[in-house]
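# Summary of the model geometry
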Amino acid sequence: MAGAARKGKAGKDRSAKPKIKSAARAGERESDRRLYLFPEGILSGAAARDAVKTGQALKLAGGPLAFGHIALIERDAKTRASQAFGLPDFERWLTRQPAVRRRTLGKRLDQLTAARLRFAGLAMDRPRIMGVINVTPDSFSDGGRFFDAGKAIAHGQALVEAGAEILDIGGESTRPGAEPVSPEEEIRRVVPVIEALRTSGIALSIDTRHARVMAAAVEAGARIINDVTALTGDPDSLHVAAASGAGVVLMHMQGEPRTMQTNPRYREVALDLYDYFAERLDAAEAAGLSRRRIAIDPGIGFGKAIAHNRDILNRLALLHGLGCPILLGVSRKSFIAKLSRGEDPAHRLPGSLAAALWGLKAGAQMIRVHDVAETAQAVAVWQALAGGNS
């Protein structure tokens, strides 16, 4: 169970239940405490279908996976506690809770289980592959190979043939230590590529943190805005994204690219990200950007140490409680080399595939990758073995 509480000599949990019940005894408002539901015991294939039929499990985000256990995590500014349940036990326990708590957790459970709506025209009932096109001279992953517009366009066409269903086009590197690029230069780099690829009919995404670039890219044919700052990097981003009609990916990043890897700190990273996204979703909806148009990306490697990345991946399914599709980007990232033997980006394909499939096992609906053909093959085999197509 994630974040298990301390145990005494007899091995019994001496802290979880008293802490969870203490809020009601003290008359504390539910709004002062944060509640999280973490689906555990994730099942696939026939096991998932049988467990759902018998009431022992629920579908995860309405997809082919299911979960039969759940951890209730609760924390405030000072305390943190958790309890684990089999799903039928949790549902019985929930009926005995005060009305406010019952409504809050009932909504969380609904968001965990509800089928995701189409995102940028794509059904979220199976994994979707987003191919990366870096129209930059300084990308960490490809060293500027596609900085020329013609080469970027040809690369995009090759990625579509290899199995990409989304192309993510970026004109500014956001690798650790990267220097910013002006919106004018970014537009000059990406718009010709978007205009050339829009005739393919594939969903095009603009990877930018600048409102002017977002607007120009959507006008050129982009259907998705993918912002590493979750629409906080430019004061006009929320308005532009809301007015654009495009799908929007909100990514988490602690700090900014030049400094984000300088001693990143979290209280508990998976829960901190959940809280961050909950706040950003509220801000987006207040600006007129419907949650139905939003996907979330935990931002692996963006202001995270190796332990943070591992914890996020181990508890990725927690984010389904926000009710949005999850986009996961792990391709060629440095944490792979740190968990392995220090390989350079060009030699991180096996680790990238392992991490991507780990994310699919947690129910991620989209994966952002550089090596599309290899990933498409791995996903096809994973789906067949997991029973997702049966």
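Under an unreviewed UniProt entry, the name given to the protein is Dihydropteroate synthase, and the organism recorded is Hypericibacter terrae. Regarding the protein, the relevant UniProt record gives this comment under Sequence similarities (unreviewed entry): "Belongs to the DHPS family." The heading Cofactor (unreviewed entry) in the UniProt record of the protein holds the text "Mg(2+)".

## Some remarks on the overall build of the protein
Broken down by element type, the protein carries 13 helices and twelve strands. Residue pairs at least 24 apart in sequence account for 69% of intrachain contacts in the protein once pairs closer than 6 positions are excluded. Element-wise, carbon and sulfur atoms account for 52% of the exposed surface of the protein, whose accessible area totals about 17,000 Å².

## Examining helix 13 (residues 372-386)
An ideal rise of 1.5 Å per residue puts 21 Å on 15 residues; helix 13 measures up with 20 Å between its terminal C-alpha atoms. Considered for burial, the residues of helix 13 that qualify are Val372, Thr375, Ala378, Val379, Trp382, Gln383 and Ala386. For helix 13, the angular spread of buried residues about the axis comes to 135°, placing them on one side. Residues Gln377, Ala384 and Leu385 are exposed on helix 13 and point more than 90 degrees away from its buried face. The inward-facing, buried residues of helix 13 contact helix 2 (45-53), strand 5 (128-134), helix 5 (149-162), helix 12 (349-361) and strand 12 (366-369). Backbone geometry just after helix 13 places Gly387 at a positive phi near 80°.

## Here we look at unusual backbone geometry
Even without glycine at this site, Ala61 takes up a positive phi of about 55°. Inspection of the secondary structure assignment puts Ala61 in the loop between strand 2 (58-59) and strand 3 (66-75). Its identity as a non-glycine residue notwithstanding, Arg332 has a phi of 65°, on the positive side. Within the secondary structure, Arg332 sits in the loop between strand 11 (327-329) and helix 11 (334-339). Assessed through its relative accessible area of 12%, Arg332 is described here as buried.

What counts and what doesn't
- Residues numbered from 1 in each chain as written.
- Predicted model: local features only at pLDDT ≥ 70, side-chain atom pairs only at ≥ 80, totals over all residues.
- Heavy atoms only, no water.
- UniProt positions renumbered as here; feature names shortened; annotations may be inferred.
- Helix = DSSP H or I, 4+ residues; strand = E, 2+ residues; numbered from the N terminus.
- Contact = heavy atoms within 4.5 Å.
- Areas by Shrake-Rupley, 256 points an atom, 1.4 Å probe, with all protein chains shown as cover.
- Expected span 1.5 Å × (residues − 1).
- Buried < 20%, exposed > 50% of the residue type's maximum accessible area, 1.4 Å probe, protein only.
- Arc of directions from axis to C-beta.

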